[in-house]
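Structural description and commentary
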Amino acid sequence: MDYKAPCIYNKITRPVQSVCVPGSKSITARALLMAALARGRSTLCGAQVSGDCLEFIGGLRSLGIDVAYEGSVVSVDGCGGSLPAKRASVYVGSAGTAARFLTALAALSDGEYDFDCSEQMRRRPMAPLISALRDMGARFTFGGEPDCFPFTVRGTSRPAETVAVDIRSSSQYLSALLMCAPCTGRPLTIQTEGSHGMDYVRMTADMMWSFGADVREEEGRFVVSGSYSAKRYDIEPDVSAACYFYAASRILGADVTVRGVMPHTMQGDYKFIELLKHFDGGEVDMSSFSDQALTLAAAAPYFSSPTTITGIGHVRGQECDRIKAIVANLSALGVRAEEREDGVKIYPSEPVGCALESFGDHRVAMAFAVTGLRCGGVTIRNAEVCGKTFKNYFDVLDDLAARLTS
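The structure contained in this document is the topic of the report that follows. Remember, predicted model here, so these are calculated numbers, not experimental data.

Each value, and the rule that gives it
- Per chain, residues are indexed from 1 in the order of the written sequence.
- Whole-chain, interface and lining totals are the exception, using all residues; otherwise, since this is a predicted model, local features are given only for residues with pLDDT of at least 70 and side-chain atom pairs are given and counted only at 80 or more.
- With hydrogens and water set aside, each side-chain value is computed from the structure's full complement of heavy atoms.
- Paired strands, in this sense, are two strands between which DSSP finds at least two bridges.
- We count a stretch as a helix when DSSP gives it H or I for four or more residues in a row; a strand needs E for two or more, and each element gets its number in order from the N terminus.
- A carboxyl oxygen of Asp or Glu within 4 Å of a side-chain nitrogen of Lys or Arg is what we treat as a salt bridge.
- Here the term buried applies to any residue with accessible area under 20% of the maximum for its type, exposed to any over 50%, and partly exposed to those in between, with areas from a 1.4 Å probe on protein chains only.
- Note on geometry: axes are C-alpha line fits, over the in-contact stretch for helices, and angles between N-to-C directions span 0 to 180 degrees.
- Residues are treated as being in contact if the distance between any of their heavy atoms lies within 4.5 Å.
- Only residues whose relative accessible area exceeds 30% and that form no salt bridge are eligible for patches; like-charged ones are grouped when within 9 Å, while nonpolar side chains (Val, Leu, Ile, Met, Phe, Trp, Tyr) are grouped when within 5 Å.
- Surface exposure here means Shrake-Rupley accessible area, sampled with a 1.4 Å probe, where a residue is shielded only by the protein chains that are shown.
- By the counting scheme adopted, Arg and Lys are positive, Glu and Asp are negative, and His together with the chain ends is not counted.
- Charge placement uses NZ in Lys and CZ in Arg. For Asp and Glu, CG and CD serve respectively.

Observations concerning the pairing of strand S5 (residues 73-79)
Relative to S5, strand S3 (residues 39-45) is paired through seven bridges, and the arrangement is antiparallel. Of the residues in S5, the one forming a bridge with Arg41 is Asp77. One ladder, built from five bridges, connects strand S4 (residues 66-70) with S5; its direction is antiparallel. For Val67, the partnering residue across the bridge sits in S5 and is Val76. Counting the residues that bridge the hairpin from S4 to S5 gives two residues, and of these Gly71 lies at a positive phi of roughly 65°.

A look at the pattern of salt bridges
Scanning all chains against the criterion turns up 30 salt bridges. The closest approach of N and O atoms between Arg216 and Asp214, which form a salt bridge, is 2.9 Å. What makes Arg216 exposed here is its relative accessible area of 59%. Owing to a relative accessible area of 26%, Asp214 belongs among the partly exposed residues under this scheme. Between Asp321 and Arg316 there is a salt bridge; the shortest N-O distance is 3.1 Å. Residue classification places Asp321 among the partly exposed residues on the basis of a relative accessible area of 21%.

What about unusual backbone geometry?
The omega torsion of the bond from Phe149 to Pro150 falls at -5°, within 30 degrees of zero and hence cis. Mapped onto the elements of the fold, Pro150 is located in the loop between strand S8 (139-142) and strand S9 (151-154). Of note, the phi angle at Asn10 is positive, near 65°, even though the residue is not glycine. Along the chain, Asn10 falls in the loop between strand S1 (3-4) and strand S2 (16-19). Its identity as a non-glycine residue notwithstanding, Asp147 has a phi of 65°, on the positive side.

Some remarks on the sheet that holds S8
Taken together, the four strands give an open sheet; going across it, the order is S6-S7-S9-S8, and neighbouring strands pair in mixed fashion. At either end of the open sheet lies a strand with only one pairing partner, and these are strand S6 (87-91) and S8. In this sheet, neighbouring strand axes are inclined to one another by 20° on average, regardless of whether the strands run parallel or antiparallel. With four bridges joining them, strand S7 (residues 112-116) and S9 adopt antiparallel strand pairing. In the sheet register, Tyr113 faces S9, and the bridge partner there is Val153. Across the sheet, helix H3 (residues 96-107) lies against S6, S7, S8 and S9, angled at about 165° from S7, the strand it touches most.

Here's the deal with a negative patch on the surface
Taken together, the side chains of Glu283, Asp285, Glu341 and Asp342 present a region of like negative charge at the surface. The topology assignment puts Asp285 in strand S16 (residues 282-285).

Topic: the sheet that holds strand S11 (residues 188-193)
Backbone hydrogen bonds are what pair the strands of a sheet, in a parallel or an antiparallel way. Reading across the sheet, the four strands line up as S10-S11-S13-S12 and stay open at both edges, with mixed pairing between neighbours. Bordering the open sheet on either side are strand S10 (162-166) and strand S12 (214-218), each of which pairs with just one other strand. Along the sheet, successive strands turn relative to each other by an average axial angle of 20°, direction set aside. When S11 meets strand S13 (residues 221-225), the two strands line up antiparallel, connected through four bridges. Across the sheet, Thr189 pairs through a bridge with Val223, a residue of S13. Running over the sheet, helix H7 (residues 198-210) touches S12 and S13 and is turned about 145° from S12.

Quick look at the structure:
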């Protein structure tokens with residue numbers, strides 16, 4: 001499916017509007033895992049049920065967890081920390097969160113599990129997590145490249161009580177170990193190397209406390225104890241999804257807000273919303289909210305001064321090389337963009353409409369649709385990839401454009 005963005009710049013008659021976005025993918029995935037490990041039935045309200053979270057639910061079901069959903073309400077019958085399935089095949093598709101979290105769950109459970117994924121996910125890094133899980137006693141057999149999918153993991157029933165993990169490329173490795181620690185039945189101490197994505201780690205710890213586990217941290221050393229209790233849990237709107245609409249508002253000169261997004265959110269991408277209030281070019285380190293590097297890059301041609309994005313070298317290993325995707329699409333639009341090892345510099349200009357590639361990446365597709373709201377003739381190829389996190393994104397964007405100009 002190709003998507004043609006409506007150019008509505010200088011056509012806005014009703015600038016004050018609001019939109020709704022799905023629940024947070026990051027919070028939904030964490031809540032699913034904790035509910036699965038709790039004793040009893042949990043109800044998750046406002047959950048995201050787009051592609052990634054459906055892969056997560058499918059993986060939990062493969063492991064013997066009963067999960068049902070209707071709309072955005074998900075019920076999970078927890079296993080009390082011991083997976084019902086002792087032998088299973090798990091497919092995680094292109095869902096990086098499911099890949100990391102469910103691998104840790106299987107490795108710290110007493111069973112043997114075959115894991116596979118999409119071709120895209122096979123190229124994404126897993127080595128630091130697999131190394132930590134091996135140190136805890138899990139055994140891995142790889143069907144292809146070492147430390148990559150597909151593999152078989154034989155879990156350990158008596159994991160080590162201390163482990164170190166390198167999180168310089170992804171904080172998901174630490175979050176996975178933290179959340180699955182209650183499977184061990186005793187306190188687990190985790191020593192970290194690096195400090196990437198600590199907002200997501202704080203989110204993980206906050207949610208673990210909410211579900212009943214205890215997490216204590218001091219200078220990169222985490223100690224986890226306790227277990228999870230089933231509960232009703234309300235999931236925040238996805239701030240990562242909300243950011244596209246705040247970026248659109250900024251470059252259009254409108255006043256668009258996203259319902260339910262509050263300053264006290266657990267989600268680190270709120271930094272992007274704060275940044276946009278006064279940003280008109282300059283240098284910004286986006287290492288702590290790198291999912292929005294694409295969004296800022298898509299809006300950057302319309303700022304008064306050049307925009308330099310730094311601290312995002314790790315996004316080269318996500319669904320695509322996002323730095324190269326930024327440069328390729330901006331260059332196609334006639335925008336001067338300079339690729340750097342850990343970022344990109346973008347110069348102000350008036351983009352020229354053309355067809356842009358999504359590179360199989362939901363965030364590329366969603367971000368560059370925003371550019372097209374101010375530049376006629378922008379088409380996003382293979383736009384259906386947005387279904388990974390926000391299935392009806394383009395419907396919501398078209399509806400917003402219609403209301404702004406009605």
